[in-house]
Amino acid sequence: ARPFRSTIITPDGAKRSLTLQIAVGNGRYYGGGNVVDKDATITEELLRLYSLEYLKAWQIILMLRSFRSGEHGALEDVLTLYSSEFEVRTRRPKAVNADGDIVTQTPAHFRVLPKAINVFIPRDMSEHS
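In every chain, residue numbers begin from 1 and rise along the written sequence. Local features in this predicted model are restricted to residues whose pLDDT is 70 or higher, and side-chain atom pairs enter the listing and the counts only when it is 80 or higher, whereas totals over whole chains, interfaces and linings include all residues. Only hydrogens and water are removed before side-chain values are computed, so all heavy atoms of the structure are retained for them.

(A) Summary view of the sheet that holds strand 1 (residues 4-10). With antiparallel pairing, the 6 strands of this open sheet are ordered in space as 6-5-2-1-7-10. Edge positions in the open sheet fall to strand 6 (78-83) and strand 10 (108-111), since each of these has one partner strand only. Direction aside, neighbouring strands of the sheet carry axes that sit 45° apart on average. Two strands are counted as paired when DSSP detects at least two bridges linking them. Helix numbering and strand numbering both begin at the N terminus, where a helix is a DSSP run of H or I of at least 4 residues and a strand a DSSP run of E of at least 2. Summarising the sheet, strand 7 (residues 85-90) and strand 10 pair through 4 bridges and their orientation is antiparallel. If you follow Glu87 over to strand 10, its bridge partner there is His109. Comment: axis = line fitted to C-alpha atoms, over the contacting stretch for helices; angle = value between 0 and 180 degrees taken between N-to-C directions.

(B) Seen up close, the pairing of strand 8 (residues 95-98). Note: strand 8 against strand 9 (residues 101-105), 4 bridges, orientation antiparallel. Its bridge partner lying in strand 9, Ala95 is registered against Gln105. The loop that links strand 8 with its antiparallel partner strand 9 comprises 2 residues; one of these, Asp99, has a positive phi angle of about 55°.

(C) Region of interest: the nonpolar core. For the purposes of this section, nonpolar cores are sets of buried Ala, Val, Leu, Ile, Met, Phe, Trp, Tyr and Cys residues that join through side-chain atoms within 4.5 Å. Accessibility here uses a 1.4 Å probe with only protein chains present; expressed as a share of the type maximum, an area under 20% marks a residue as buried, one over 50% as exposed, and anything in between as partly exposed. Counting 7 residues, the largest nonpolar core is built from Ile8, Leu47, Leu49, Leu79, Phe86, Val88 and Val112. Of all the secondary structure elements, the ones that give two or more residues to this core are strand 5 (47-53) and strand 7. We call two residues in contact whenever any of their non-hydrogen atoms come within 4.5 Å of each other. Not counting the four nearest positions on each side in its chain, Val112 is found in contact with Glu45, Leu46, Leu47 and Ser84. Membership of the second largest hydrophobic core comes to 6 residues, among which are Leu20, Ala23, Leu52 and Val78.

(D) Molecular detail of the pairing of strand 5. Judged by how many residues are buried, strand 5 sits mostly within the fold: 7 of 7 residues are covered. Of the two faces of strand 5, the one lined by Leu47, Leu49, Ser51 and Glu53 and the one lined by Arg48, Tyr50 and Leu52 are each fully buried. In this structure, strand 2 (residues 13-25) lies alongside strand 5, joined through 6 bridges in antiparallel fashion. Of the residues in strand 5, the one forming a bridge with Gly25 is Arg48.

Shown next, in the form of structure tokens:
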């Protein structure tokens, strides 16, 4: 991976970054079991973003365990932000991956739409025994 410059815009302002990767999630997990943030919940109506600020490859290897547990937000070289909305801009268009598929490119806008879909969960049958 090669570092790239980005601007991350929230309703509270903008943050410039030299990064290797930016991840945005509205729940805890992404990418086959990696954790966006250990405290994230799908019901909090909040997006969580992390950006791997410019790191050397050996530093990323040391961080791998942190990504599985969601502890990477506490690391000095990881920018973490929380908001209901983000826009990510880059100098040159960068591919945006959603659930394993390239779906668009930067600039990309992410926002929470509270209660946009209904989810039905079956009742636990043991409660009715």
